[in-house]
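# Analysis of the macromolecular model
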Amino acid sequence: MLSKMTPKKLDFFDLFERHAKTSVEGTALLAETLAGWPGTANNVCRIEEVEHACDNITHMTIDLMRRTYITPFERDEIRELISRLDDVMDHAQGAASRLELFKIQSVPPHMIELGKVLARATEQVHEAVLLLRNIKKAQEIQAYSKEINRLENEGDRILKAGLAELFETEKDPIAIMKLKEVYERLEAATDRCEDVANVLEGILIEHVG
Amino acid sequence: MLSKMTPKKLDFFDLFERHAKTSVEGTALLAETLAGWPGTANNVCRIEEVEHACDNITHMTIDLMRRTYITPFERDEIRELISRLDDVMDHAQGAASRLELFKIQSVPPHMIELGKVLARATEQVHEAVLLLRNIKKAQEIQAYSKEINRLENEGDRILKAGLAELFETEKDPIAIMKLKEVYERLEAATDRCEDVANVLEGILIEHVG
Amino acid sequence: MLSKMTPKKLDFFDLFERHAKTSVEGTALLAETLAGWPGTANNVCRIEEVEHACDNITHMTIDLMRRTYITPFERDEIRELISRLDDVMDHAQGAASRLELFKIQSVPPHMIELGKVLARATEQVHEAVLLLRNIKKAQEIQAYSKEINRLENEGDRILKAGLAELFETEKDPIAIMKLKEVYERLEAATDRCEDVANVLEGILIEHVG
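Attention here is on the structure that accompanies the text. Everything numeric in this text was worked out from a predicted model, so none of it was measured.

Our focus in this paragraph is the interface of chain B and chain C. Of the residues lining the interface, 22 residues belong to chain B; the matching set on chain C comes to 19 residues. The tally of links between chain B and chain C comes to 2 salt bridges. The partner of B:E168 in a salt bridge is C:K103, and the shortest N-O contact between them spans 3.1 Å. Counting the contacts that link chain B with chain C gives 4 residue pairs in polar contact (both at pLDDT 80 or more). Those elements giving two or more residues to the side of chain B that touches chain C turn out to be α5 (141-169) and α6 (173-208) of chain B. For the side of chain B that touches chain C, the element with the highest residue contribution is α6(B), accounting for 10 residues. Taken together, the residues of the side of chain B that touches chain C break down into 8 nonpolar, 5 polar and 9 charged.

The following block contains the structure:
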């Protein structure tokens, strides 16, 4: 996945955008995997590959920071942004691998819905990351933040409804525990999108004034 | 609840204080709800209203920050403070709505105790927020931080004791899972009070030197 | 444990190092406790003592910060570093006390393994903290960060494998819940080592440029 990249030519903006775009692919794949489970079990290792690709972009960013004298933002902001971006795909992959490891038999409708919300939140994060390059549009960050916040609230609502339904209908406590684990990872991934938005707001507000 | 507010006259200190005061009301209501459950189930939607009121104050703060050229603290500190304040009531409301959604039959004594600790921690947060306006008293933040820290430790101790008792006495694993969810949200809310204290310490230490 | 300390002579570097070193002792003791459980139940109160010792060092650091006019790093960095260091032992102690409180009968091999990974991560944190005093070696932080990151990933992998095995072999859902609680605390402690590494990177990158 990273073989097409020629690291020397990539700057910080390229790396942030590449990371966000790769996460969009990863969470889209996860949403698809949840919707088609268990027929889509082969996707799990592809999601793990996406997560490795994100890890690589993170390391490239840290490396570039070390080799660069003048950076477009504070070093601390760069590190914070790429780390928070990385958390999203970490949790998304955590959800995917639990589906397989815990031998989940079928995915409930609320979980499919939560997967879609995560995919949409990641798309918004990608759009927000694109603002970094075009500082004139910095004010737009508020609109993306608001939408990511709305999706995070929706994710939280779905999680609660999903658990309530699970407690109501599933009589096997171990089956509940397994699905609860996956739900929580999906919700954590959606949560982390909000952290990215926060870091972006911090950077853009700082640099626009 | 917010109808009495005339936003134009409110400054940052008013908004922080209003948020903290609203959270005090919300967590007091939650403590009362836990103590009287299930007779107090009607309170849950009132707690949700309090949480919405806090959300509104958060948005007003972010808006004010955008419209204001010179702010009393760094923009980042303002955003961090109002976000961390908001987390407390988020988790408190999460606990309340789970009581209802999961159809909790009765609330164990440890959970009532934990609700009281949360209410007390939120009161301390409110007192600490009042220091922002009176920078001369900034040193007092240490006393509030210490007390919030003590309450957070007490919360943690109660959570552990509550879970131990639950594992000992409750034989239905699904009932345990439901109560464990509520316990964890209450403990997370108490935890977040410590985060607010940390942000306040950061601001006050910075500005007093 | 702290009786040997003569606070007046300790500077910030001494306190950070003392904290990290004490945590190394605490997590080594925890790893030993897990490996020998339940024969090692007497260790639990010793681990709690270590955690109190860490708390004391944290308070001494905050106190020293208040009494000191010129600090070696930003006040915020000092507060952040000591707080994140403190989180590690907090979670480690949380794992230990749950073993006892929940009357865990026996510790599964994956959990013993996770305890060893935590102990190793804490050793790396200690090594990384030693760099603060010798700013010329600041670049080495990257190597420690990388290793801590690797251990954190390994911890995550062990947690997932441990849970999968538990779901597969343990038929009592309450026994699963108890062990899951301990697993999660151990994993959280390992996670927090990464947070410390992040703060250290922030400080060292900032001050080396």
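On we go.
This part covers the relation of the copies chain C and chain A. Take chain C, turn it by 120°, move it 0.0 Å along the axis, and it overlays chain A with an RMSD of 0.0 Å. Look at the turn and shift together and you get a three-fold axis relating the two. For chain C, the smallest separation between a C-alpha atom and the rotation axis is recorded for C:P173, amounting to 3.7 Å. A distinct binding surface is used by each copy, with only 9% of the interface residues of chain C retained as interface residues in chain A.

Another aspect to go through is the interface of chain C and chain A. Facing the 22 residues of chain C at the interface are 20 residues of chain A. Both sides of the chain C and chain A interface together cover about 1800 Å² of buried area, and 59% of this is carbon and sulfur. When the buried area of chain C at its contact with chain A is split by residue, C:K160, C:F167 and C:I205 rank highest and sum to 31% of it. The tally of links from chain C across to chain A stands at 2 salt bridges. Where chain C touches chain A, the interface holds 4 residue pairs in polar contact (both at pLDDT 80 or more). Mapped onto the side of chain C that touches chain A, the elements with two or more residues apiece are α5 (141-169) and α6 (173-208) of chain C. Looking at which element gives the most residues to the side of chain C that touches chain A, the answer is α6(C), with 10 residues. In terms of residue class, the side of chain C that touches chain A is made up of 8 nonpolar, 5 polar and 9 charged.

About the thresholds
Residue numbers restart at each chain and count upward from 1, following the sequence in its written direction. Going through the entries in the order they are written, you letter the chains from A and number the ligands from 1. Totals for whole chains, interfaces and linings use every residue, but because this is a predicted model, local features are given only for residues with pLDDT of at least 70 and side-chain atom pairs only at 80 or more, for both listing and counting. Values shown for side chains rest on all heavy atoms present in the structure; no hydrogens or waters enter the calculation. Any two residues whose heavy atoms approach within 4.5 Å at even a single point are treated as in contact. Take a side-chain nitrogen of Lys or Arg and a carboxyl oxygen of Asp or Glu: if they are within 4 Å of each other, that pair is a salt bridge. Polar contact is defined as a pair of N or O atoms within 3.5 Å, subject to the rule that within protein one atom must be able to donate a hydrogen and the other to accept it, and that residues adjacent in sequence are counted only when both atoms are side-chain atoms. By definition, any uninterrupted DSSP run of H or I lasting at least four residues is a helix, any uninterrupted run of E lasting at least two residues is a strand, and each is numbered from the N terminus. Under this grouping Gly is polar, as are all residues other than the nonpolar Ala, Val, Leu, Ile, Met, Phe, Trp, Tyr, Cys and Pro and the charged Asp, Glu, Lys and Arg. Least squares is the method used to superpose the copies, on C-alpha atoms of residues holding a pLDDT of at least 70 in both. Joining two parts hides part of their accessible area as seen by a 1.4 Å probe, and the buried area is that hidden amount summed over both.

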